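Each chain, written out:
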Amino acid sequence: LGIQTHPHSFAEYGSCFKNFACVRVKEFVPYERVPDELRKSEVLVYVEPFAQDDLEMTRLTFSTKLPEYLMAGRCILAFGPPTSASMRFVQAGGCGTVVGTDNITLLTNAIRRLIVDHGYRRGFGEAGRALGVEKFEATKQRRVFRELLSSAMADYPLGKQSFKV
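Remember, predicted model here, so these are calculated numbers, not experimental data. (Residues numbered from 1 in each chain as written. Predicted model: local features only at pLDDT ≥ 70, side-chain atom pairs only at ≥ 80, totals over all residues. Heavy atoms only, no water.)

Participant: Can you help me understand the pattern of salt bridges in this one?
Facilitator: For side chains of opposite charge, pairing can occur when their charged atoms come near one another. Inspection of every chain in the model, using the stated rule, returns eight salt bridges. Measuring nitrogen to oxygen at the nearest pair gives 3.0 Å for the salt bridge that ties E37 to K40. You can call E37 buried: its relative accessible area is 11%. Judged by its relative accessible area of 63%, K40 is exposed. (Salt bridge = Lys/Arg side-chain N within 4 Å of Asp/Glu carboxyl O. Buried < 20%, exposed > 50% of the residue type's maximum accessible area, 1.4 Å probe, protein only.)

Participant: Explanation requested: the environment of T108 in the structure shown.
Facilitator: By the secondary structure assignment, T108 is in helix α6 (residues 104–116). Spatially, the C-alpha atoms of T108 and E12 are 25 Å apart, while their sequence positions differ by 96 residues. (Helix = DSSP H or I, 4+ residues; strand = E, 2+ residues; numbered from the N terminus.)

Participant: Is there a simple way to explain the nonpolar core in this structure?
Facilitator: Soluble globular proteins: nonpolar side chains tend toward being buried together. Membership of the largest hydrophobic core comes to 17 residues, with the highest contact counts inside it found for Y69, I76 and V90. At the level of secondary structure, the elements contributing two or more residues to this core comprise α2 (34–39), β3 (43–47), α4 (65–72), β4 (75–79) and α5 (85–93). It is α4 that contributes the most residues to this core, four residues altogether. The residues contacting V90, other than those within four sequence positions of it, are L66, I76, A78, C95, G96 and V98. (Core = buried A, V, L, I, M, F, W, Y, C linked by side-chain atoms within 4.5 Å. Contact = heavy atoms within 4.5 Å.)

Participant: I keep staring at the sheet that holds β4 and nothing clicks. Help me out?
Facilitator: In a beta sheet, neighbouring strands are held together by backbone hydrogen bonds and run either parallel or antiparallel to one another. On the basis of which strands lie adjacent, the open sheet formed by three strands has the order β3-β4-β5 and parallel pairing. Two strands in the sheet have a free side with no partner beyond their single neighbour: β3 and β5 (96–99). If you compare each strand with its neighbour and ignore which way they point, the axes differ by 15° on average. In the sheet, β3 pairs with β4 via five bridges, with the strands oriented parallel. (Pairing = 2+ DSSP bridges. Axes fitted to C-alpha atoms, helices over the stretch in contact; angles between N-to-C directions.)

Read these as layout, nothing more, since geometry by itself doesn't imply function.
Following this line, the structure appears as structure tokens:
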């Protein structure tokens, strides 16, 4: 398991994993290298807190990490409350497995299946990549935005004549 994090998080939590031979804590990756680093992984882990105080905030919050994960074409292991918008997105999109209960046994079982079943992981990764291209690919989204804006402007006096798209 490779963990990449911000330098202050690395300084604070990096030593927590020193006794685990299967865990490598790596320092922060500059943004321009993130896509390459994500593609090196078999599974990308996304976590949200189960704390009651955080539930209202995560209910409608969508993580900016998820589009990057989807475009990498890798399976997502999502661990967090099922009410979270991000958890619901991963579940509905079929791009990963969601453990929506703060239960170590369920999490362990999900990890085991991801480790042993390459086809299971690959299927999630392929679905995630397709979903990422459909929902988040920049060129496509700019075209969709231009079309929506152009259509909206057609309903106003002077319409497209006064606004170039």
